[in-house]
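A closer look at the structure
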Amino acid sequence: MTTGSDKPLLRLSGVSKSFGGIRALSDVSLTIGHNRIVGVIGPNGAGKTTLFNVITGAYRASAGELTLDDEPITQWPSYRIVRAGIARTFQNIRLFAGMTVWEHLLVAQPHQGAFVRRFLPARWADPAAATRAEEALVLFGLQNYRDSIARTLPYGVQRKVEMARALTASPKLLLLDEPVAGMNHEEATELRHLLLRLNERGLSILLIEHDMAFVMNLCQDVYVLDFGAIIAQGTPTEIRTNPVVLDAYLGSEAAC
Amino acid sequence: MISTYDAGLLADVGILLLGALSVYVILATGQLSLGNAGFMGVGAYVASFLTVEMHWPVTVALLAAALVSSIVGVIIAFPALRLRGIYLAMATLGFGEMVRSFLLGFDRLGGSGGYRGMQQVSLGYIWAWAGGILLLILMLERSRLWLEMRAVHDDETAAGLVGLNTTLTKIGAFGFGAAVAAIAGGLFAHQYVYIEPGNFGFERSIDFVLAVILGGSTVGLGALIGSALLVFLPEWLRFLADWRLAAFGTLLILVLLTRPQGVVDRALLAKLALRRAKAP
Amino acid sequence: MLLQQLVNGITLGAVYTLIALSFSLVMGILSILNLAIGELFMLGGYLGFAVIAGHMSLAVALLAGMLGAAIVSMVIEKVAYEPLRNTPLITPMLSTLGFSIILQNVVTNVWGSDPLQLPSSLFDRRFTFGSVNIGLMQMVVIGVAIVLVAAVAFLIQKTPAGRALRAVAENRDVARLLGVSAGRITLLAFALSGALAGAAGVLIGLHYAAITPYVGVDTGLKAIAVMVIGGATRRWGALLAGPLIGIAEVLTVAYGGSQERDLVVYGLMILILLVRPQGLLGGARTDVGQRV
């Protein structure tokens, strides 16, 4: 599915997830190459968020395997998967309500240096961390909100903080859960440019989105999920004209 | 020169401060523990046994007691991982009661008759420990580690998904909290030179929580203020004679209604720091 | 002998069931422990005593205890819970603790801190069935408990108020959308909770023919254990767990020693929390756990 040259960054083989009697994911196999932007679309309830949860280790797969850079991560706990290079944002924002924006940008960073340095004030524990946090502040235009407490922030700013936080974890792969929901055209375009820039710098992106225009304009590869299974994959153009896909969508309210 | 009575009160503040801090440290990771008196009891009896029957010096005995208690704390923390909120609180309550009940039946160390024979330590010694641990925690509050603890407190799932090992953080907090409570217990034993299981029951655990919540549950300094309030308020209310406890209860409710975050919180401390910075 | 212990255990268990129900009524809709319930139980006992000492019937004693406790409980809801609805759970819990301190102080001042005794001739009749010797009072305790539990069950299952209560317990926001006033329902829950605790107080006070201001804490804590073991989110767990724990406690004291008794009770509670946190009669595991 991806360009044959590089070995894949993330590979899912036959991944299934069941909750009691309900099959949320059925035999899902997909590959995400290095430096790719991949989209996952599908009607509501298709299992997209479950897919994210399985990839990040929030749910353990009922069957199948996941590898990150050829490292099997199927049994790993969330934090280990994140440290290995996968970060995500949430559909309903999950910030740390009592912490400031600056603190968000510090805490997500992988801690470099000896374990003991953790006990030191943040400044001395890892001086480079402050630099990285500063960069993220500027990149997302959050300088004015540096010391604001997360729960007091306006919605749009919260979303930026969520993404900025995910990026400070220095991921190889960024999972975005409906990043442009509720955004106007300007904001969506701004985000698209940001994502393209990050992609140029080497970041792979996997995103779930209902906004078709956004997906088609940004993603290089697209997977279509319906009832927990992949029903189609290809380039945006291929997907747009795929009769199976159209059928799945016309069967639910989320028409393009 | 302060009277013996007042010295006793100050000793109480120091001991309560340590107990409050033990709850504070655990609460900082989002876990409410209503059973820290159990850790205090472990500390008190271990330390007392070591000084009275093994003739160890007090300081070494206290450290040993803290170690034993922290091991118990870590053991408790593992199953506690599965519980949240009020269920965790109830489990810790059960733990505290079990320790008290166990001590009641443990005749080797006195059982219901209590344990005695300890040498009294000075007020200065008590505050060396209390002040020292308070300072340690105040320093820790600025660390990277504390940032992680606060993230776990605010949203445990999100914390895991930004790469934090929430398990280690929560267990570590319990272990550390247990150690601090044990020191409180050891000091209590060597202040009152007689201990019995009833000293380490639910009322004691609730006192710790009360001190933290009243003083301010989001900063370490809150434990200090809360402890001072809890010890001195009943004294100041003495003039109410038989009704002073009711007055205390009323005051408690009033404080919670008007300032539920406690006397001090981060915002207040920041404001005070700003004012001091501005002053010439 | 064993049978006798069983009867004693069931009597104690009946009281636990009432108090556990009292806790779980509030716990079910608010996820908080009303730490004043122990003292409401104690208050009920004293009110019942006062009535009996005034030569009135048991029924009046029960009424007085239940009514008094219910009224105080409603005051607690208005003052300690309602204004603190949106703060972290520990805050209203400590507020109810404040009330428990006030209650205990008031009772101690009005009635003194020494145990009050009833003339023991009152309900002393005993009946013998084979090897079992049951006191009249024991039968009364068990009987009244059964009636009260049945009454509460009827209220909750069959009346509109009860339905509303269940709705709020299920999902407060949805209930509000459906027009249920969560505030009034909470008040009702507190009132019922108080009435049950008060009744338990009257029963146990008359059963032991003595009462002190300090009975609240210990019994209250045990009742929490009973609630957890039965299943905090399913009201009827207390029905099973109460007698179970009562019997366990009585047997431990008879064959083990009185020191071990608390170990057994709380040990069981912790075991349940670890192995089956929703309790013996509880439903889905996901019922458990909201942030403090």
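**Overview of the interface of chain A and chain B**
- Each partner contributes to the interface: chain A provides 27 residues, whereas chain B provides 19 residues.
- Every element with two or more residues in the side of chain A that touches chain B is listed here: helix H2 (78-84), helix H3 (101-107) and helix H4 (122-125) of chain A.
- Here the element with the most residues in the side of chain A that touches chain B is H2(A); it accounts for four residues.
- A breakdown of the residues in the side of chain A that touches chain B according to their chemical character gives 16 nonpolar, four polar and seven charged.

**Notes on the interface of chain C and chain B**
- Counting residues at the interface gives 43 residues for chain C and 36 residues for chain B.
- Of all the elements in the fold, those that place two or more residues in the side of chain C that touches chain B are helix H3 (58-81), helix H4 (90-111), helix H9 (215-230) and helix H11 (260-275) of chain C.
- Here the element with the most residues in the side of chain C that touches chain B is H4(C); it accounts for twelve residues.
- Here the side of chain C that touches chain B is composed, by residue class, of 28 nonpolar, twelve polar and three charged.

**Looking at the sheet that holds strand E7 (residues 173-177) of chain A**
Residue and element names in this part refer to chain A.
- Strand order in the open sheet formed by six strands is E6-E7-E8-E3-E9-E10, and the pairing between neighbours is mixed. The sheet is open, and its two borders are formed by strand E6 (86-88) and strand E10 (229-234), each paired with just one other strand. Going across the sheet, the axis of each strand differs from the next one's by a mean of 20 degrees, ignoring polarity.
- Sheet analysis places E6 next to E7, joined by three bridges and oriented parallel.

**Topic: the domain arrangement of chain A**
Residues and elements named next belong to chain A.
- As far as domains go, chain A holds domain 1 (1-85 + 171-256) and domain 2 (96-170).
- Using only C-alpha atoms to locate each centre, domain 1 and domain 2 end up separated by 26 Å.
- On the side of domain 2, four residues touch domain 1, which itself brings four residues to the contact.
- Tallied by class, the residues present in the side of domain 1 that touches domain 2 amount to three nonpolar, no polar and one charged.

**Brief notes about helix H12 (residues 266-278) of chain B**
- With 13 residues, H12(B) extends 18 Å between its outermost C-alpha atoms, agreeing within 8% with the 18 Å of an ideal straight helix rising 1.5 Å per residue.
- When you tally the buried positions in H12(B), you get zero out of 13 residues, a small fraction of the element.

Parameters at a glance
Residues numbered from 1 in each chain as written. Chains lettered and ligands numbered in written order. Predicted model: local features only at pLDDT ≥ 70, side-chain atom pairs only at ≥ 80, totals over all residues. Contact = placed C-beta atoms within 7 Å. Helix = DSSP H or I, 4+ residues; strand = E, 2+ residues; numbered from the N terminus. Nonpolar A, V, L, I, M, F, W, Y, C, P; charged D, E, K, R; others polar. Pairing = 2+ DSSP bridges. Axes fitted to C-alpha atoms, helices over the stretch in contact; angles between N-to-C directions. Domains from an automatic or database assignment. Expected span 1.5 Å × (residues − 1). Buried ≥ 20, exposed ≤ 12 C-beta atoms within 10 Å, placed from the backbone.

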